[in-house]
Amino acid sequence: MSLVGDVVPAAGEALTARELGSALSHRIGLLVPHDGHILVGLDPVTGAGCLIDRRHCYSPDLRHRLEVEDNREQMISRLFTGPRRVEVVGSGFTDESRHAHLHENMRGEGFGGELRLALRHRGVASGWLVLLRERGSRPFSAADAVHAERLAGHLTAAMRRYVSAKPLRAGTSSLPPGVVILDRHNRIADATAAGRGWLGVLTEDFSLTEAEQSNTLLNITLLARRPGGPALSRLPTRAGWVAMSAEPLGDGPDGSVAVTVQAAPTHLLLPAVCGWYGVTPSERSVIELALRGFGAKHIARRLELSSHTVHDHFKAIYRKTGVTGRDELVAGLSA
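Predicted, not measured: the structure shown is a model, and the values here were computed from it.

Colleague: What am I meant to see in the sheet that holds strand E2 (residues 49-55) here?
Modeller: The strands that make up a sheet pair up through hydrogen bonds in the backbone, lying either parallel or antiparallel. Ordered in space as E2-E1-E5-E4-E3, the five strands form an open sheet in which the pairing is antiparallel. Single-partner strands in this sheet number two, and they are E2 and strand E3 (86-90). Looking at each pair of strands side by side, their axes are set apart by 10° on average, direction ignored. Bridge count between strand E1 (residues 36-42) and strand E5 (residues 124-134): six bridges; the pairing is antiparallel. Of the residues in E5, the one forming a bridge with isoleucine 38 is valine 130. Along the sheet face, helix H6 (residues 142-164) touches E1, E2, E3, strand E4 (111-121) and E5 and points at about 55° away from the line of E4.

Colleague: I tried to follow the sheet that holds strand E9 (residues 240-248) on my own but got confused; where do I start?
Modeller: With antiparallel pairing, the five strands of this open sheet are ordered in space as E7-E6-E10-E9-E8. The open sheet terminates on both sides in strands that have one partner only, identified here as strand E7 (188-191) and strand E8 (231-237). Strand-to-strand, the axes of this sheet are offset by a mean angle of 25°, without reference to chain direction. As paired strands, E9 and strand E10 (residues 257-263) are joined by seven bridges and run antiparallel to one another. Counterpart to methionine 244 in the pairing with E10 is valine 261. Strands strand E6 (178-182), E7, E8, E9 and E10 of the sheet are contacted by helix H8 (residues 213-225), whose axis makes an angle of about 50° with E9.

Colleague: Please clarify how the packing of aromatic side chains should be interpreted in this entry.
Modeller: The description of an aromatic ring pair rests on the distance of the ring centres and on the angle between the ring planes. Evaluated as defined, the whole model comprises two aromatic pairs. Ring geometry for tyrosine 58 and phenylalanine 111: centres 5.3 Å apart, planes at 80°, overall edge-to-face. Highlighted residues: tyrosine 58 in the loop between E2 and helix H3 (60-73) and phenylalanine 111 in strand E4, separated in sequence by 53 residues. For phenylalanine 111, a relative accessible area of 3% corresponds to the buried category. Seen from the ring of tyrosine 162, lysine 166 lies directly overhead, with NZ or CZ sitting 3.9 Å from the centre.

Colleague: Could you clarify how one ought to interpret the nonpolar core in this entry?
Modeller: Looking at soluble globular proteins, one finds that nonpolar side chains tend to be buried together. Membership of the largest hydrophobic core comes to 79 residues, with the highest contact counts inside it found for Leu20, Leu115 and Leu155. A per-element tally of this core places H6 first, with nine residues. Once residues within four sequence positions are removed from consideration, leucine 20 is found in contact with Ala11, Ala14, Leu39, Leu51, Ala158, Met159 and Tyr162.

Colleague: Mind showing me how you'd approach the pairing of E6 here?
Modeller: Strand residues, when the strand is regular, have side chains that alternate between the two faces of the sheet. In E6, alternate side chains face the same way, and those of Gly178, Val180 and Leu182 are buried while those of Val179 and Ile181 on the opposite face are not. The pairing of E6 with E10 spans five bridges and is classified as antiparallel. Note that in E10 the partner of isoleucine 181 across the bridge is alanine 258. In this sheet, E7 lies alongside E6 in antiparallel orientation, the contact comprising three bridges. Bridge pairing in E7 links leucine 182 to isoleucine 188. Connecting E6 to the next strand, E7, in antiparallel fashion are five residues, including asparagine 186 with a positive phi near 65°.

Colleague: Sorry, what's going on with helix H10 (residues 281-291) here?
Modeller: Since the α-helix packs 3.6 residues into each turn, any two residues three or four apart lie on the same face. Buried within H10 are the following residues: Glu283, Val286, Ile287, Leu289 and Ala290. Burial along H10 is one-sided: seen end-on, the buried residues are contained in an arc of 165°. On the buried face of H10, the contacting elements are helix H9 (266-277), helix H11 (296-303), helix H12 (307-321) and helix H13 (326-332). Downstream of H10 by a residue or two, glycine 293 has a phi angle that is positive, lying close to 95°.

Rules of the game
Residues numbered from 1 in each chain as written. Predicted model: local features only at pLDDT ≥ 70, side-chain atom pairs only at ≥ 80, totals over all residues. Heavy atoms only, no water. Pairing = 2+ DSSP bridges. Helix = DSSP H or I, 4+ residues; strand = E, 2+ residues; numbered from the N terminus. Axes fitted to C-alpha atoms, helices over the stretch in contact; angles between N-to-C directions. Contact = heavy atoms within 4.5 Å. Phe/Tyr/Trp six-rings, centres within 6.5 Å; stacked < 30°, edge-to-face > 60°. Buried < 20%, exposed > 50% of the residue type's maximum accessible area, 1.4 Å probe, protein only. Lys NZ or Arg CZ within 6 Å of the ring centre and 35° of its normal. Core = buried A, V, L, I, M, F, W, Y, C linked by side-chain atoms within 4.5 Å. Arc of directions from axis to C-beta.

The values reported here are purely geometric and, on their own, carry no functional implication.
Structural data, given as structure tokens:
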């Protein structure tokens, strides 16, 4: 375990999802060698995808088809609720008939096995990591699965550190809200000019190709098709926090979906920030009143706390979010 002991500090130094994925892949590879990976981070409140990195993995078209299939079969989701966080697929490790379609696709692109690892924090899904081995490589083994499961806590902490190590700062993008329409096949059908602009921001931030733009919106599009209303995610990018919300157009699960992309407004951003930075419910109440312009004494009266306790809450909030004071805190939560 000492070989990967620096994974959390390394994640805190990563500036992009690509750097985060490389750091995690390198360190887990010391115990579980692999040829490629797919890393996905989830919004801590809604569970929608909020960051992605992939290296030497499936083609964009195959990843698109596999994610649609996984959403239907709930293959990854089972790992978040079951007793184990890890599953190995391919190369005869599991029942070949159960994963026949996956194996056929893997063979077509030169891969022989997957190791899937769910990342959870206090019972809440934080993301997942898929490790890939090429055909002809040594198959993933039961020992590999044990190593990966033991590393899950380190990797989950690293994912959270990647976000929380960065001071809360105001966004730099001047783009207005944009809309992207995805058709019943979950492919981009149309977009406003601002929507195209936001796609460019996300494509650059996550080191994607133009062919992968639909994949950037796929997770939230699939979530929007489920019962329960619009889907929402907050994405940490170099341009600041971005909010994506998706809602079906018309009735039925197979229609088009409208995805709105914008600089995350305060009311959408605050819940995600509290989740990523470990802000407590009491501290969140202080932030909410500070955003309304109340002073410390007024906040103390509203919350029936002493002024000393309110000041302690502010100190904890500043420490956790990396800001130097109230003005920076308010600015960092404002679009």
